[in-house]
Amino acid sequence: MHDKTLAELARGLAAGDFSSRELTSSLLERIKRHDPALNSFITVTGEQALKEAEAADALRHKGEAGILSGLPLAYKDIFCTEGVRTSAGSKMLDNFIAPYNATVVEKLRHAGTVSLGKTNMDEFAMGSSNENSYYGPVKNPWNPTLVPGGSSGGSAAAVAAGLVPAALGTDTGGSIRQPAAFCGITGLKPTYGRVSRYGMIAYASSLDQAGPMARTAEDCAMLMNAMAGHDARDSTSVSRNVPDYTLGLDKPLNGLKIGLPVEYFGEGLAPEVETAVREAVRVYESLGAQVIDVSLPHTSMAIPAYYVIAPAEASANLSRYDGVRFGHRCEDPVDLEDLYKRTRAEGFGDEVKRRILIGTHTLSEGFFDAYYRKAQQIRRLIRQDFLDAFARVDVLMGPAAPTTAFELGSRADPVQMYLQDIYTIAINLAGIPGISVPAGLVDNRPVGLQILGPHFGEAHLLNVAHVFQQATDWHQRRPEIKE
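The following refers to the structure shown.

What counts and what doesn't
Residues numbered from 1 in each chain as written. Predicted model: local features only at pLDDT ≥ 70, side-chain atom pairs only at ≥ 80, totals over all residues. Heavy atoms only, no water. Helix = DSSP H or I, 4+ residues; strand = E, 2+ residues; numbered from the N terminus. Rg over C-alpha atoms; globule rule 2.2 N^0.38 Å. Buried < 20%, exposed > 50% of the residue type's maximum accessible area, 1.4 Å probe, protein only. Contact = heavy atoms within 4.5 Å. Areas by Shrake-Rupley, 256 points an atom, 1.4 Å probe, with all protein chains shown as cover. Lys, Arg positive; Asp, Glu negative; His and termini not counted. Charge placed at Lys NZ, Arg CZ, Asp CG, Glu CD. Axes fitted to C-alpha atoms, helices over the stretch in contact; angles between N-to-C directions. Parallel < 35°, antiparallel > 145°, perpendicular 65-115°, else oblique. Nonpolar A, V, L, I, M, F, W, Y, C, P; charged D, E, K, R; others polar. Phe/Tyr/Trp six-rings, centres within 6.5 Å; stacked < 30°, edge-to-face > 60°. Lys NZ or Arg CZ within 6 Å of the ring centre and 35° of its normal. Pairing = 2+ DSSP bridges. Salt bridge = Lys/Arg side-chain N within 4 Å of Asp/Glu carboxyl O.

1. Points about the overall build of the protein chain
- Scanning the protein chain for helices and strands turns up 15 helices and eleven strands.
- Taken over C-alpha atoms, the radius of gyration comes to 21 Å for the protein chain, in line with the 23 Å a tight globule of 483 residues would show.
- If one aligns the C-alpha atoms of the protein chain with their principal axes, the spans along those axes are about 65 × 55 × 45 Å.
- Looking at the 483 residues of the protein chain, the share that counts as buried comes to 59%.
- Partitioning the intrachain contacts of the protein chain with sequence separation of at least 6 by distance along the chain shows that 76% fall at a separation of at least 24.
- Entry remark: accessible area of the protein chain is about 18,200 Å², with carbon and sulfur atoms responsible for 51%.
- Both charge centroids of the protein chain, one from 47 positive and one from 56 negative side chains, sit 2 Å from each other.

In structure tokens:
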């Protein structure tokens, strides 16, 4: 059962081929057997999962089950989950038990899904390799010496390894799409505001967005039907009708206009990745699409702008972790200042401290106008680049990452690590949706094709991705895991 997609499992449950309890038990046993080598989970909620599975089976027996009833998934450990440790991958929140559910957790539970647990992640979602977690690095199922990508690396690795058919991640600068590419799965970053951020531990509030990670675009569409929609508890949530994302998946692509940004195929892109991406684009041409070269002239400014805006927002968001109300607290503080200093020094890891320092500096008197305001002006230019491009084409395509998955411990230079997000960061700055789909293998390392669309164009992106997956089998490739 671990090789089936979410859609296949839904059909199997509906047909009575197996029960949710049988499916859940099988996956829990698989997690127990294989996750010690991958470290993709922080917390496994086995007892709770079996109870939820039994409840789903009871509803199905009554004829009251929905399309997602009884389907197992996992949550990146950044989503508050009532009664379950929610750590954000940090020592700071190692002892934090969430008192409520994030909106996406609430919605998916209401849809009948079964939660198997919380997945590992870069601390407070800060990283591109999942090596910054307090709980240790996650290993890539394709090769345990490689990183799975980050910060949603635990979710990506768990899905790729068949420990769970789908998982939720968050994407602040590529943290769904890049690990999806590195692990050979499908990952969707929705339009900013399409999915509620309520109950999602904040890193950079104007950039963070939750999204589904699964094997196929069809699976992501199923999850989006339950996740998307307005939430009055989230002031950035958009009040807009939610389509049925599964209805138009098979729509033909005749006449589709694909834009290839010239900036995405220049210096820094590994030749083998470029070859795989261009081969994928040729598949689209064979399906009736037209390819047009376009330009996103401010692409080179995306990383500098992001690494001013995101740390500045992180500095503000993480100021609440002071040892007073919840989370880690240093032992025997001498006074309040000592409490603050030692709690934060002990509770935060190096990358988080680095970004807090950068953010505090850029927000300080005398530097706000020179850095933060200028970065926001650049952000507007980047957004306009995309708007201009989508006036000419329907979607944009390119690589999700400049390389395939790299070796654990091989990127000690923070700037070198930041450059991993060169093709993903601008999308978050502009607030548009993007999806990464498997598009090849290079030395048994997956390559991801990134497809971008205009604001609230998720349904079309899922259609474009699904038709590609009907014409190729890259999404069906699995890492070899000794049973």
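Additional details are given in the paragraphs that follow.
2. Thoughts on the side chain of Asp 77
- Structurally, Asp 77 can be placed in the loop between strand 2 (72-76) and helix 4 (103-110).
- The contacts of Asp 77, once residues within four sequence positions are left out, are Ile 42, Arg 85, Thr 86, Ser 87, Ala 88, Gly 89, Lys 118, Thr 119 and Met 121.

3. Remarks on the packing of helix 7 (residues 217-227) against helix 15 (residues 458-471)
- Following both chains from N to C, one finds helix 7 and helix 15 inclined at 155°, their axes separated by 8 Å at the closest point. One element, helix 7, and the other, helix 15, form an angle in the roughly antiparallel class. Between helix 7 and helix 15, the residues in contact are Ala 217, Glu 218, Cys 220, Ala 221 and Met 224 and Glu 458, Leu 462, Ala 465, His 466 and Gln 469, respectively.
- The class makeup of the residues in the contact of helix 7 with helix 15 is six nonpolar, two polar and two charged.

4. Examining the packing of aromatic side chains
- In this structure the tally under the stated criterion is 16 aromatic pairs.
- Ring centres of Tyr 134 and Tyr 135 lie 5.1 Å apart, and the angle between their planes is 75°; this geometry places the pair in the edge-to-face category.
- Joined through ring pairs, the aromatic side chains of Phe 96, Phe 124, Tyr 321, Phe 326 and Phe 348 make up one cluster.
- Across the ring face of Phe 265, the terminal group of Arg 278 is positioned such that the distance to the ring centre comes to 4.3 Å.

5. Description of the packing of helix 11 (residues 350-363) against helix 12 (residues 368-390)
- Here helix 11 crosses helix 12 at 110°, and the two axes come no closer than 7 Å. Here helix 11 lies roughly perpendicular to helix 12, going by the angle between them. Residue-level inspection shows His 361, Thr 362 and Leu 363 of helix 11 in contact with helix 12, the latter providing Phe 368, Tyr 371 and Tyr 372.
- Residue classes in the contact of helix 11 with helix 12 are distributed as four nonpolar, two polar and no charged.

6. Some details on the sheet that holds strand 4 (residues 166-170)
- Taken in spatial order, the eleven strands of this open sheet run 1-3-2-4-6-5-10-11-9-7-8, and their pairing is mixed. In the strand order of this sheet, the two ends are held by strand 1 (41-44) and strand 8 (290-294), each with one partner. Across the sheet, the axes of successive neighbouring strands diverge by a mean angle of 30°, strand direction being ignored.
- Here strand 4 runs beside strand 6 (residues 210-214); their pairing, made up of five bridges, is antiparallel. Residue pairing for strand 6: Thr 170 is matched across the bridge by Ala 210.
- Contacts from helix 2 (residues 20-38) reach strand 1, strand 2 and strand 3 (114-119) within the one sheet, and its direction differs from that of strand 3 by about 20°.

7. With respect to the pattern of salt bridges
- Within the structure shown, the criterion is met by 22 salt bridges.
- For Lys 118, the salt bridge is made with Asp 77, and the minimal N-O distance between the two is 2.9 Å. Of this pair, Lys 118 sits in strand 3 while Asp 77 sits in the loop between strand 2 and helix 4, and the two are 41 residues apart along the sequence.
- Between Asp 338 and Arg 342 there is a salt bridge, and its shortest N-O distance comes to 3.1 Å. Pair noted here: Asp 338 and Arg 342 are both in helix 10 (residues 336-347), with a separation of four residues, about one helical turn.
- Among the residues examined, Asp 338 registers a relative accessible area of 18% and is labelled buried.

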